[in-house]
Every structure is written in C-alpha cells, then in structure tokens.
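Examination of the molecular architecture
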Amino acid sequence: MNLTVQNLAKSFKSTAGEVGAVCGISFSVPTGKFFTLLGPSGCGKTTTLRCIAGLELPDSGMIRLEEKIFYSHDKRISLMPEERGIGMVFQSYAIWPHMNVFDNVAFPLRFGPRRLPRAETKSKVRQVLSLVHLDGLESRMATQLSGGQQQRVALARSLVADPDLLLLDEPLSNLDAQLREEMRGEIRRIQKSLGLTTIYVTHDQAEALSMSDEIAVLRDGKIVQVGTPRDIYERPSDSFTSTFVGVTNKLPGTIKRLTGPDSLGSVLIQGRELTCVIGRGCQENGSVIVSARPEDIHVEPVCQVSDDSWTGTVRQVVYLGDCLSCEIESEGLTIRARLHPAVRLEEGQRVLLSLQPERCIALPPETSS
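As a starting point, this report considers the structure included with it. (Residues numbered from 1 in each chain as written. Predicted model: local features only at pLDDT ≥ 70, side-chain atom pairs only at ≥ 80, totals over all residues. Heavy atoms only, no water.)

Here the focus is the sheet that holds strand E16 (residues 297-301). As summarised here, the arrangement of the 5 strands in space is E16-E20-E17-E18-E19, forming an open sheet in which the pairing is antiparallel. Since the sheet does not close on itself, it has two edges, and those belong to E16 and strand E19 (333-339), each with one partner. Averaged over all pairs of adjacent strands, the angle between their axes in this sheet comes to 40°, without regard to strand direction. The pairing of strand E18 (residues 324-330) with E19 spans 7 bridges and is antiparallel. Each bridged residue has a counterpart across the sheet, and for Leu-324 the counterpart in E19 is Leu-339. (Pairing = 2+ DSSP bridges. Helix = DSSP H or I, 4+ residues; strand = E, 2+ residues; numbered from the N terminus. Axes fitted to C-alpha atoms, helices over the stretch in contact; angles between N-to-C directions.)

If you look at the biggest cluster of nonpolar residues, it comprises 34 residues, and the most contacted ones within it are Val-105, Val-125 and Leu-155. Filtering out sequence-adjacent residues up to four positions away, Leu-155 remains in contact with Val-89, Val-132, Leu-166, Leu-168, Ile-187 and Ile-190. Grouped together as the second largest cluster of nonpolar side chains are 28 residues, Val-267, Val-290, Trp-310 and Leu-345 included. (Core = buried A, V, L, I, M, F, W, Y, C linked by side-chain atoms within 4.5 Å. Buried < 20%, exposed > 50% of the residue type's maximum accessible area, 1.4 Å probe, protein only. Contact = heavy atoms within 4.5 Å.)

Another point: the environment of Arg-336. For Arg-336, the location among the structural elements is in strand E19. Exposure remark for Arg-336: the relative accessible area of 36% places this residue in the partly exposed category. Linking Arg-336 and Gly-54, residues 282 residues apart in sequence, is a C-alpha distance of 44 Å. Sequence-distant contacts of Arg-336, that is, excluding residues within four places in its chain, are made with Val-247, Thr-248, Asn-249, Pro-294, Ile-297, Cys-326 and Glu-327.

So, on to the sheet that holds strand E6 (residues 77-78). One open sheet holds the 5 strands; their spatial order is E2-E1-E4-E5-E6, and the pairing between them is antiparallel. Of all the strands in the sheet, just strand E2 (17-29) and E6 have a single pairing partner and so form its edges. Across 2 bridges, strand E5 (residues 68-72) lies against E6 in antiparallel orientation. Bridge assignment links Tyr-71 to a residue of E6, and that residue is Ser-78. In the packing of helix H1 (residues 45-53) onto the sheet, contacts are made with strand E1 (3-14), E2, strand E4 (60-65) and E5, and the angle to E1 comes to roughly 115°.

This next bit is on unusual backbone geometry. Unusually for a residue other than glycine, Glu-170 sits at a positive phi of about 45°. Following the sequence through the fold, Glu-170 ends up in the loop between strand E8 (165-169) and helix H5 (177-194). Taking the relative accessible area as the measure of exposure, Glu-170 reaches 11% and is therefore buried. Although it is not a glycine, Asn-285 adopts a positive phi angle of roughly 70°. Position of Asn-285 among the secondary structure elements: in the loop between strand E14 (272-278) and strand E15 (287-292).

This next bit is on the packing of helix H2 (residues 101-111) against helix H4 (residues 147-159). Viewed as axis vectors pointing N to C, H2 and H4 meet at an angle of 30°, and their least axial separation amounts to 7 Å. Here H4 runs roughly parallel to H2, going by the angle between their axes. Note that H2 runs across H4; the crossing there is right-handed. Here Val-101, Asn-104, Val-105 and Pro-108 of H2 lie close against H4, whose contacting residues are Val-153, Ala-156 and Arg-157. A breakdown of the residues in the contact of H2 with H4 according to their chemical character gives 5 nonpolar, 1 polar and 1 charged. (Parallel < 35°, antiparallel > 145°, perpendicular 65-115°, else oblique. Left-handed = near helix turned anticlockwise from the far one by under 90°. Nonpolar A, V, L, I, M, F, W, Y, C, P; charged D, E, K, R; others polar.)

With that out of the way, let us pick up the packing of aromatic side chains. Overall, the coordinates contain 5 aromatic pairs when judged by the stated rule. Each ring, one from Trp-96 and one from Phe-107, has its centre 5.5 Å from the other, and the planes form 40°; the classification is tilted. Of this pair, Trp-96 sits in the loop between strand E7 (86-89) and H2 while Phe-107 is found in helix H2, placing the two residues 11 residues apart along the sequence. Summarising the aromatic geometry, the rings of Phe-107 and Phe-111 are spaced 4.8 Å apart at their centres and angled 40° between planes, so their arrangement reads as tilted. With a gap of 4 residues between them, Phe-107 and Phe-111 both fall in helix H2, about one helical turn apart. Relative accessible area serves as the criterion here: at 26%, Phe-107 is assigned to the partly exposed category. Three or more aromatic residues joined by ring pairs form one cluster here, namely Trp-96, Phe-107 and Phe-111. Across from the ring centre of Tyr-233, 4.0 Å away, lies the NZ or CZ of Arg-293, which sits over that ring. (Phe/Tyr/Trp six-rings, centres within 6.5 Å; stacked < 30°, edge-to-face > 60°. Lys NZ or Arg CZ within 6 Å of the ring centre and 35° of its normal.)

Set out below in structure tokens:
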C-alpha cells in the first residue's frame, strides 16, 4: 500500500523553549517498496516513524496509507496505533521475557484488534516462525534466545497479523557486526517475499545502501535528499550528504568552466584544473567543494612527471584485507584512496594521482544549519 506523508511537523518542549524535531517533511513510499529514513542522532527520523505509528501526535501535516488517513491536522483525524494496521519492530525488540517464543508471536492475535480462533492462531504463528527461520523454537523462553533470535521473534510478531505497513526502528543496532550483516539480508528477503511497504530507520549508511529501494537523508528535522542508494552515494545533493553517506574527500576549489548543472565542468583546486560533474547550485567563479570517493582516486608510482602531473607523497598505508586504505599528502591536501589489496605502496613513496571525472561532483560549500 502506498504511504503518503505531507508537511509533517512535530516539536517538543524543553527548558530552552520548543525544539522542532520534524520540520514540515514530505515523502511518498510506493506499494511494496523499502524506504529508509537515514540521518545522524537527533535529525528527526525516529520521531517521524513514531508519528506514522501513532505513538507521537504531530503538530501539523497529514499521514495517509492509500485512502486511509492515519492523521490529518486539518481534518482533525488521529487514529489510535491499533487502528492503523501496522507492524512495528523497536530497537530494544520489546519482547516479553516471561513468555516463550510462541506466546510472544501470538500476542497480537490473542489481544489485538484482529483476534483469531486458537487453531488459526497456531497455524499462523507456525507459518510466520518458518518465514523468519525459527521453526522448532516455539517452546523456547525469550530469555534463552540469542540477540539475533530475539530480533527474529520481534519481526515475526510484527508480521503475524498481516500488517499493511511495516515500521522498523534501528532493529539491528544491538547486534554484532557479522549478525547485523546477516540480518540485513534476512529482513530484505522477508520484505520482498511479502511485498510489504516498509519504513526503516537507521543511522548506519551501510544498512541504508544495502537494503533500500529509496533513501531519505534527514538533517535537523528536514529532508535534504531523496533518491536511490546509487543516487545518494554517487550524486549527493550537498556537502553534508556526501560526507554522511560513506567516506569522501572534500577538496576546496573554484569553478573555472560551467556548462550546466549535472554536466562535466572544470574546477581549480590548488591551482590545478580538474574535470568533474558540476552539481546544482554551483556558480561560475564561485567556491565549491569537490566530493571524490576514495575508490575513485587512481594512484600509481611515479615513473615520469610532466608539468601537469598531480603528484603526492604516501603518508599512511593500512591493509584491510579487501582493500588498501591510503592517505596521500599533495599540495597541502590530505587525500584518502582505497586501492586493490594487491597494490604495493610504501610510506614516503611518491605517487601520481588522477580522478574519474564522471564520478566526482562539485557541490556548493556547506552552510551552517
């Protein structure tokens, strides 16, 4: 089902006055898509999710799932959480420690708005436990489960009543790195198999990039960019997004030649002319920040140097198994490069540098928010 959020706003009172947690954001999630709210702590992503769930009352705006209005300030509509037909997984899982797996998952069918007869409940619970790979653990107490199993129980409970919308609030943050990666794939597999419209909240860029159909990057209660994972990573709309989503080099420069937004142009960096994509909002002769991802920096040992060669000195080399992470000093700039692990470089070595023009983007300098 298609979810629409329009001009949603929510403030909280503090000792310093009212603080705007969500400042008039709007977005739409097509039926069956996985949509992620990504941003740093305090940006408003969890507050947005809780407003959709009915756990927070917005100050203004509208939230609608297909033709069913969850909240409308103008129409004075605000449905209770149990009336919205949603499933939700919390960061803490919120499973009952005194119940076994079966009773935890069956809880919405026994006490929720959609109550089923005992036989149907048993069949439905077994079906959803199979979906999350917890077959045979029905009698296991919640306190006897691993973190990953507890997370699966919470996910099963959120799915057992066949919700129209699934909401997940940083559900993997309490798991170790290897289990987090495993559960990313499991959640995405289940979501795709059910064709369930899903809103996912995280501050983890890897989660957002690997799981989402579309990402909304939030900052200070506002959406700064919405796009596919590839769009967000390769074509950030501003300096904040380029830095927050992944690792990037931020090279200060000045526009020398501007042919139009989202097309190749020339930028002067430390007196050196480089070709890159010119982002929106850049002005000819204006200051810019060129975002260049470490994997898009080409590095090779110095063999022959010409007047226009871009050279640097290797200051640090770190072997990470799947890549070689390097810091290179060049003309007062520190440039990070990510190279194939077979490359051999040593600290103090002189190297030639080059960029892939179509994968680097010039952005207006970041302004204070």
